Amino acid sequence: MNLSFTHRSVSNESDQKINNERLEFLGDAILGAAAADMLYRNLGDRPEGELAKIKSVVVSEGVLSSVARELGIDALLVLGRGEELSGGRLKKALLADALEALIGAIYLDSGYESACAFVGSFIGQEIERVLENRHYRDYKTLLQEFCQRLYKKYPDYRLVSRSGPEHSRVFLAEVTVNGAVFGPAEGKSKKSAEREAARLAYEALGE
C-alpha cells in the first residue's frame, strides 16, 4: 500500500457532505498530542500515570465544552431545527466536537505548530486548574470508587421527577449510598441530575 502525506486546506473538504466528523477525528489526535507534549515538558517531576490522569481531565468533554462556550463556538453551530429546539447549543458533546473540528481546521490551514499554539492558549490554564484541584470532576466515578472502597457496593440512583417542555426539561434525581439518601438534585438531563446528586453525596461523605 502506497501512502502519501500531503497538506490539504479546509477548502479541500468542501466537496464532501457538510459535517465535521473528519475534522473532529483530526483535531482530537492533535489535541491529545499537544496536551501530552505540554505535560511532558512542564511536569518533568510527575510519573507517567499522573500525567495520563491530568491529560484525561484537560481533554475531557466537560473541559472542551466549557472552552468552546468561552470562545463563542456555541453561537456559530449550524444545527437542524430539532437539534436547535432540544437545546443543541448547550450540549457538551456537540460543543466539544466543534472545538476539536476547529483544531483540525487550524492544522489544515496553518500547520501543526499553529494548531498546537491554539491548543496551548487554553490547555495551560486547564492543567493549572487540575493541579490546584479546581477542575471539572466526574463525581459519579468518584462516588462509585468511594463506595466500592468503603462499602463494597455501588451507589443506587433514582429519577425522582421529570418536568417542563421537551426542549427545556428539568430532571430531579437522588442517590442512595449505604442506606443514606442524597438529593434530590436538579439537572437539564437525567445524567446531569445524577452527577449533581453524586456531588452532594461525595462532598457530604467527607471526600
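Let me begin by describing the structure that accompanies this report. Remember, predicted model here, so these are calculated numbers, not experimental data.

Another point: the overall build of the chain. Within the chain, the regular secondary structure consists of eight helices and three strands. In the chain, buried positions account for 32% of the 207 residues. Counting contacts in the chain only where the partners sit at least 6 residues apart, residues at least 24 apart contribute 52% of the total.

Turning next to helix α1 (residues 21-42). In a regular helix each residue adds 1.5 Å, so 22 residues correspond to 32 Å; α1 covers 31 Å between its end C-alpha atoms and thus fits that length. Within α1, the full set of buried residues consists of Leu-23, Glu-24, Gly-27, Ile-30, Leu-31, Gly-32, Ala-34, Ala-35, Met-38 and Leu-39. Its buried side turned inward, α1 meets α2 (48-58), α3 (61-70), α5 (92-110) and α6 (112-131).

A word on the packing of α5 against α6. Viewed as axis vectors pointing N to C, α5 and α6 meet at an angle of 145°, and their least axial separation amounts to 6 Å. Between α5, through Leu-99, Leu-102, Ile-103, Ile-106, Tyr-107 and Ser-110, and α6, the contact on the second element is made entirely by Tyr-112, Ser-114, Ala-115, Phe-118, Val-119 and Phe-122. A per-class count over the contact of α5 with α6 returns ten nonpolar, two polar and no charged.

Summed over the entire model, instances satisfying the criterion amount to eight salt bridges. Among the ionic pairs, Arg-129 bridges to Glu-126, the shortest N-O distance being 2.8 Å. With Arg-129 and Glu-126 both in helix α6, this residue pair falls three residues apart, about one helical turn. A relative accessible area of 24% means that Arg-129 is categorised as partly exposed.

All right, on to the side chain of Glu-100 then. Here Glu-100 lies in helix α5. Apart from residues no more than four positions distant in its own chain, Glu-100 is found in contact with Leu-23, Glu-24, Gly-27, Asp-28, Leu-31 and Leu-64.

Next up on the list: the nonpolar core. Core analysis: the largest hydrophobic core is formed by 29 residues, its most contacted members being Leu-99, Phe-122, Ile-123 and Ile-127. Counting residues per element, the ones that place at least two in this core are α1, α2, α3, α5 and α6. Among the elements that make up this core, the one with the highest residue count is α6 (seven residues). Look past the residues within four positions of Phe-122 in its chain and what remains in contact with it is Leu-31, Leu-64, Val-67, Leu-99 and Ile-103. With twelve residues, the next largest nonpolar core counts Leu-143, Cys-147, Val-177 and Ala-197 among its residues.

To continue, consider the sheet that holds strand β1 (residues 156-163). An order of β1-β2-β3 is seen for the three strands of this open sheet, with the pairing classed as antiparallel. Each edge of the sheet is formed by a strand with only one pairing partner; in this case those strands are β1 and β3 (180-187). In this sheet, adjacent strand axes meet at a mean angle of 20° when their direction is disregarded. By the bridge criterion, seven bridges tie β1 to strand β2 (residues 170-177) in an arrangement that is antiparallel. Paired with Tyr-157 across the strands is Val-175, a residue of β2. Of the strands in this sheet, β1, β2 and β3 touch helix α8 (residues 190-204), which is tilted by about 140° from β3.

By the definition in use, this model includes four aromatic pairs. Taking 5.5 Å as the distance between ring centres and 75° as the angle between the ring planes, the aromatic pair formed by Phe-118 and Phe-122 counts as edge-to-face. Taken together, the positions of Phe-118 and Phe-122, both in helix α6 and four residues apart, correspond to about one turn of that helix. The two residues Phe-118 and Phe-122 agree in class, both being buried. By the ring-pair criterion, three or more aromatic residues cluster together here, those being Tyr-139, Phe-146, Tyr-151 and Tyr-202. A cation over a ring is seen here: Lys-140 above Tyr-157, with NZ or CZ 4.7 Å from the ring centre.

Cut-offs and rules
- Residues numbered from 1 in each chain as written.
- Predicted model: local features only at pLDDT ≥ 70, side-chain atom pairs only at ≥ 80, totals over all residues.
- Heavy atoms only, no water.
- Helix = DSSP H or I, 4+ residues; strand = E, 2+ residues; numbered from the N terminus.
- Buried < 20%, exposed > 50% of the residue type's maximum accessible area, 1.4 Å probe, protein only.
- Contact = heavy atoms within 4.5 Å.
- Expected span 1.5 Å × (residues − 1).
- Axes fitted to C-alpha atoms, helices over the stretch in contact; angles between N-to-C directions.
- Nonpolar A, V, L, I, M, F, W, Y, C, P; charged D, E, K, R; others polar.
- Salt bridge = Lys/Arg side-chain N within 4 Å of Asp/Glu carboxyl O.
- Core = buried A, V, L, I, M, F, W, Y, C linked by side-chain atoms within 4.5 Å.
- Pairing = 2+ DSSP bridges.
- Phe/Tyr/Trp six-rings, centres within 6.5 Å; stacked < 30°, edge-to-face > 60°.
- Lys NZ or Arg CZ within 6 Å of the ring centre and 35° of its normal.

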